[in-house]
Amino acid sequence: MSSVTVTSRRARRTRPAAGPSMATRVRKQLTSRTASLVALVVAVVWTLPTLGLLVSSFRPSVRIRTTGWWTAFSSGDLEFTTKNYTDVLFGETGNLGEYFINSLVITVPSVLFPTFFGAIAAYALSWMKWSGRDWVFIGIFALQIVPIQMCLIPLLEMFSSFGLQGTDRFMTVWLAHTIFALPLCIFLLHNFMAELPGELFEAARVDGADHSRIFRSIALPLIVPALASFAIFQFLWVWNDLLVGLVFAGGTRDTGPLTAALAELAGTRGNQWQRLTAGAFVSMVVPMVVFLSLQRYFIRGLLAGGLKG
Amino acid sequence: MDDWQNKISMLGVGIAAFLGVVGLILLLADRAPKSMRERLQLLFFMGPAGLLLLVGLVYPALKTLVYSFKNSDSSRWVGLENYRWMLTQEDILIVLRNTGIWVLFAPLAATTIGLLYAILIDRKRGEVVAKTLLFMPMAISFVGAGIIWKFVYEYRSPRKGQIGLLPQVMKWFGSDLDGGAMLLNAPLNTFLLIVVMVWTWAGFAMVVLSAAIKAIPSDIVEAAKLDGANPWQMFWRITLPSVRPSVIVVFMTITIGVLKVFDIVRTMTQGFHETSVVAYEMYFQAFQSNDYGHGAALAVALFVLVLPIVGFQISQMRRQREVR
């Protein structure tokens, strides 16, 4: 509040006596113009790199190598193709199609499991009465920030001792993603769950319903938006993850995720832009669609304090 | 295409397992004997997550701490040797320095850009579209972002035409581009990687801060406007003090994200040319060089770097509670 009074006092001193003058109005309009211009420049700078890659991914490889993508629409250079995409998805050496399936197989269960485990734990932490509840919650809150690097080596040893081979290794990736997701998931869902009106639960208790029933028929339907926002988070996180996939699924075609294949491509064949451009977009399509169609839920999750590192 | 079917059936197994687990837990909770139903239900609800966190997070973290005092294959105690290595080896000192540069610049740049952009587009026409444009990189993986920006930085010798946007823009502005490939030049390359991070996170800062700006009581804003406050005064006296708590949260969140940056380095430079950071070096030492001792020590270093931020956040939370 003090800042307001300070402002007004100072403003009063400088303000011309007879209301806003012509000069002030002009200046105001100019500032608003400049503001829009600056915003526009930022927006363009933020969009151009992606646009450049998108345009390039449809250009023949010779053209990508020799001329800038900004010349793609000039008359001498006009030539577009989908060959890069077919090559990268189904070609002999590209084969990102397989990795795409891997990413899908990794992602779906890695979203489902933590969402459910998180939901029941969040319920237990907000509506069941037991001693030590608050301490457990604080502990889980604190676990959110433990870097996953702290757990990779022992977890990998543990999982290797299971002796899983081939596609069975997907299971260890699901498990790893589920474990790493739980602290954030419980924290987010608890925030939503704890804010549900207590009378609902008391009424149900009086009617003789037990926790299992209350969870299913009252809590669960009411936190569907929260479940959605966590699920989107987790989906984007797992689909875009490189570290967990690389450590637990490896980078090979039998279980490796799309990101691992792309990172490998960027490292070893950094000059084959026809592959990298198309490959990058293959990996971006799914999260983009999910993100654009469900942005509302995603933002709600962000504002509720959800973000995982 | 056998492979293909194998994978899809694996996905089926995963989904079936999920449904089975859900059904089993709810069934057990429903059928628990009356006498100890409450206790058993608590066990079924809290048990899975609790067990996973203890076995998969707490225990491994402690074990990593132990490993950091052992040699490369954890067969022998070496005391503080791994930490001495970390603080004396020249490569690793560069890694620590780089992490410092990241933490110093990336959160500040991302938060500032996000805040300014949020203010500039607030209540303007096309706000939704403008927001989406800046926010979009949040949906793109760091690997994808790395490739996008690698292409922006792509350098050709000046005799050939440039295909990277940045060298081309520099050329337009009259640079003769004799510096060679930008990603090979330390320490410039670290800053070029930081740009990618800022590009991804500015949207996050913008969305959170935009919500905070919209929550500023309109009577304060109106009063200041009536008093003729100019945009500059408006920003320093009204907007910034009002959104300060959100700015701090955003800044801290980005800082934690920056400390853990791995994918960008991996995609763009593989940590070569003096671009490695602690989170990447940890992976490299543990899983490429198979030296668990060094990897574990770096992981612990990462944890220690995150700690003060968490302490700060908790104290902030407590202060807010007291105000309430």
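From a predicted model like this one, the values you see are computed outputs, not experimental measurements.

1. So, the overall build of chain A
- Looking only at helices and strands, one finds 15 helices and zero strands in chain A.
- When the 309 residues of chain A are sorted by exposure, 45% land in the buried category.

2. Some thoughts on the overall build of chain B
- Within chain B, the secondary structure is distributed over 13 helices and zero strands.
- Dimensions of chain B along its principal axes, counting C-alpha atoms only, are 75 × 55 × 50 Å.
- Put simply, chain B has 324 residues, and 43% of those count as buried.
- Long-range pairs, those at least 24 residues apart, make up 68% of the contacts in chain B between residues at least 6 apart in sequence.

3. Concerning the domain arrangement of chain A
Residue and element names in this part refer to chain A.
- Partitioning chain A into domains gives domain 1 (44-81) and domain 2 (95-303).
- Across the contact, seven residues belong to domain 1 and six residues belong to domain 2.
- Secondary-structure elements contributing two or more residues to the side of domain 1 that touches domain 2 are α2 (22-57) and α3 (61-66).
- Top element by residues in the side of domain 1 that touches domain 2 is α2. It accounts for four residues.
- For the side of domain 1 that touches domain 2, the class distribution of residues is three nonpolar, three polar and one charged.

4. Let's talk about the confidence of the model for chain B
All names here are of chain B.
- Per-residue confidence for chain B gives a mean pLDDT of 88; residues scoring 70 or more make up 94%.
- Model confidence for chain B, summarised as mean pLDDT per element, is weakest for helix α13 (residues 292-323) at 80 and strongest for helix α4 (residues 90-121) at 93.
- The complex prediction reports pTM at 0.87, with the ipTM value standing at 0.88.

5. Let's talk about the confidence of the model for chain A
All names here are of chain A.
- Looking at chain A, pLDDT values average 83 and 87% of them are 70 or higher.
- Here helix α1 (residues 2-14) is the element of chain A with the lowest mean pLDDT, 41, and helix α5 (residues 96-127) is the one with the highest, 93.
- Within the model, the stretch residues 1-18 combines pLDDT values under 50 with 22 contacts to residues more than four positions away or in other chains.

6. Thoughts on the interface of chain A and chain B
- The interface is formed by 90 residues belonging to chain A together with 93 residues belonging to chain B.
- In terms of residue count, α5 of chain A provides more of the side of chain A that touches chain B than any other element does, 15 residues in total.

7. Re the domain arrangement of chain B
- Split into domains, chain B comes out as domain 1 (2-67) and domain 2 (81-145 + 181-323).
- Computed over C-alpha atoms only, the centres of domain 1 of chain B and domain 2 of chain B are separated by 34 Å.

8. Structural notes on helix α12 (residues 278-288) of chain B
Residue and element names in this part refer to chain B.
- In terms of residue burial, α12 counts as a mostly covered element, since nine of its 11 residues are buried.
- Along α12, the residues classified as buried are V278, A279, Y280, E281, M282, Y283, F284, Q285 and A286.
- A positive backbone phi angle near 50° is found at N290, which sits one or two residues after α12.

9. A closer look at unusual backbone geometry
Residue and element names in this part refer to chain B.
- One non-glycine residue, S74, adopts positive backbone phi at about 60°.
- With respect to the helices and strands, the residue S74 is situated in the loop between α2 (37-67) and α3 (81-88).
- At E274, a residue that is not glycine, the phi angle is positive and equals roughly 60°.
- With respect to the secondary-structure elements, E274 resides in the loop between α11 (263-268) and α12.

10. Topic: the environment of V243 of chain B
All names here are of chain B.
- Its location among the elements puts V243 in helix α10 (residues 231-259).
- A count of 23 C-beta atoms within 10 Å places V243 in the buried class.
- Those residues in contact with V243 that lie beyond four places of it in its chain are L209, A212 and I213.

How each quantity is defined
- Residues numbered from 1 in each chain as written.
- Chains lettered and ligands numbered in written order.
- Predicted model: local features only at pLDDT ≥ 70, side-chain atom pairs only at ≥ 80, totals over all residues.
- Helix = DSSP H or I, 4+ residues; strand = E, 2+ residues; numbered from the N terminus.
- Buried ≥ 20, exposed ≤ 12 C-beta atoms within 10 Å, placed from the backbone.
- Contact = placed C-beta atoms within 7 Å.
- Domains from an automatic or database assignment.
- Nonpolar A, V, L, I, M, F, W, Y, C, P; charged D, E, K, R; others polar.
- pLDDT = per-residue confidence, 0-100.

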